Amino acid sequence: MGDLTYRYRGARAMVILHERQLRRFLKAWKTARARGAQLPETTDPDYESLDTLLRHVFRWARRYMIWMCAKLELADPEIRQPPDPAAIGTECDGYLEHLLDRWRTPLAPVPEERFHRPQYPAPWNVSYCVDAMLEHAVMHPLRHRFQLMELME
């Protein structure tokens, strides 16, 4: 990733940080799973199990990039759907590499000014510029890693 040229180095930094945070999240997830950690009870289907939580993190990483590409009128990054919860434990490493590979280049040719204006509605009805969505994407796996780490304390 270090040799990839981006027109906007801020986007390059966020893509690199996103990759680091996803890798850290997956490591924490594997540790939690090996320890038999249980998520607190909730009605949220994304938190039914550690496997659904991993799929949630992967699914949103996919959706963030698809959203950014759509708003910037870039080609579809062709990120596959994450594995189903029943298979995710055995397919997580391969899927992560696919996801990260598809994240590395779509934003590289975009000039900085397109990351800041205009703002667009996110799927959850909050307006974001693309730069803010990149920051949100970095924080998402970090936040869930933090939750797992607290759960294991």
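A. Highlighting the packing of aromatic side chains. By the definition in use, this model includes 7 aromatic pairs. Between the aromatic rings of Trp60 and Tyr64, the centroid separation amounts to 5.5 Å while the plane-to-plane angle is 40°, which identifies the pairing as tilted. Highlighted residues: Trp60 and Tyr64, both in helix H2 (residues 50–71), separated by 4 residues, approximately one helical turn. The residues Trp60 and Tyr64 share a single accessibility class, namely buried. Clustering of aromatic rings is evident, with ring pairs tying together Trp60, Tyr64, Trp124 and Tyr128. Cation over ring: Arg63 sits above Trp60, and NZ or CZ is 4.1 Å from the ring centre.

B. Here's a closer look at the nonpolar core. Among the nonpolar cores identified, the biggest contains 48 residues, and Met68, Trp103, Leu107, Leu134 and Leu148 are the most heavily contacted of them. Only helix H1 (9–34), H2, helix H3 (85–103) and helix H5 (130–152) provide two or more residues apiece to this core. Here this core gets 12 residues from one element, more than from any other, and that element is H2. In this structure Leu107 touches Tyr6, Val15, Met65, Met68, Leu72, Leu74, Phe115 and Leu134, once residues within four positions along its chain are discounted.

C. Region of interest: the environment of Arg145. By the element assignment, Arg145 lies in helix H5. According to the relative accessible area criterion, Arg145 is partly exposed, its value standing at 29%. Beyond its immediate stretch of four places on either side in the chain, Arg145 contacts Arg24, Phe25 and Ala28.

D. Up close: the side chain of Gln21. Examined against the element boundaries, Gln21 turns out to sit in helix H1. Overall, the relative accessible area of 8% leaves Gln21 in the buried class. Not counting residues within four places of it along the chain, the set of residues in contact with Gln21 comprises Val138, Pro141 and Leu142.

E. Structural context of H1. End to end, H1 covers 38 Å across 26 residues, agreeing with the expected 38 Å (1.5 Å per residue, within 8%). Positive backbone phi, approximately 75°, marks Gly36, located one or two places after H1.

F. Representation of the pattern of salt bridges in the model. This structure, assessed with the given rule, holds 8 salt bridges. The partner of Asp93 in a salt bridge is Lys30, and the shortest N-O contact between them spans 2.6 Å. Of the two residues, Asp93 is situated in helix H3 and Lys30 in helix H1; the sequence distance between them amounts to 63 residues. Residue Asp93 is classed as partly exposed on the basis of its relative accessible area of 42%. Among the ionic pairs, Arg104 bridges to Asp101, the shortest N-O distance being 4.0 Å. By relative accessible area, Arg104 is classed as buried at 19%. For Asp101, a relative accessible area of 44% puts it in the partly exposed group. Members of the salt-bridge network, linked through shared partners, are Glu19, Arg23, Glu97, Asp101 and Arg104.

Conventions we followed
- Residues numbered from 1 in each chain as written.
- Predicted model: local features only at pLDDT ≥ 70, side-chain atom pairs only at ≥ 80, totals over all residues.
- Heavy atoms only, no water.
- Phe/Tyr/Trp six-rings, centres within 6.5 Å; stacked < 30°, edge-to-face > 60°.
- Helix = DSSP H or I, 4+ residues; strand = E, 2+ residues; numbered from the N terminus.
- Buried < 20%, exposed > 50% of the residue type's maximum accessible area, 1.4 Å probe, protein only.
- Lys NZ or Arg CZ within 6 Å of the ring centre and 35° of its normal.
- Core = buried A, V, L, I, M, F, W, Y, C linked by side-chain atoms within 4.5 Å.
- Contact = heavy atoms within 4.5 Å.
- Expected span 1.5 Å × (residues − 1).
- Salt bridge = Lys/Arg side-chain N within 4 Å of Asp/Glu carboxyl O.

Interpretation in functional terms is not warranted from these geometric data alone.
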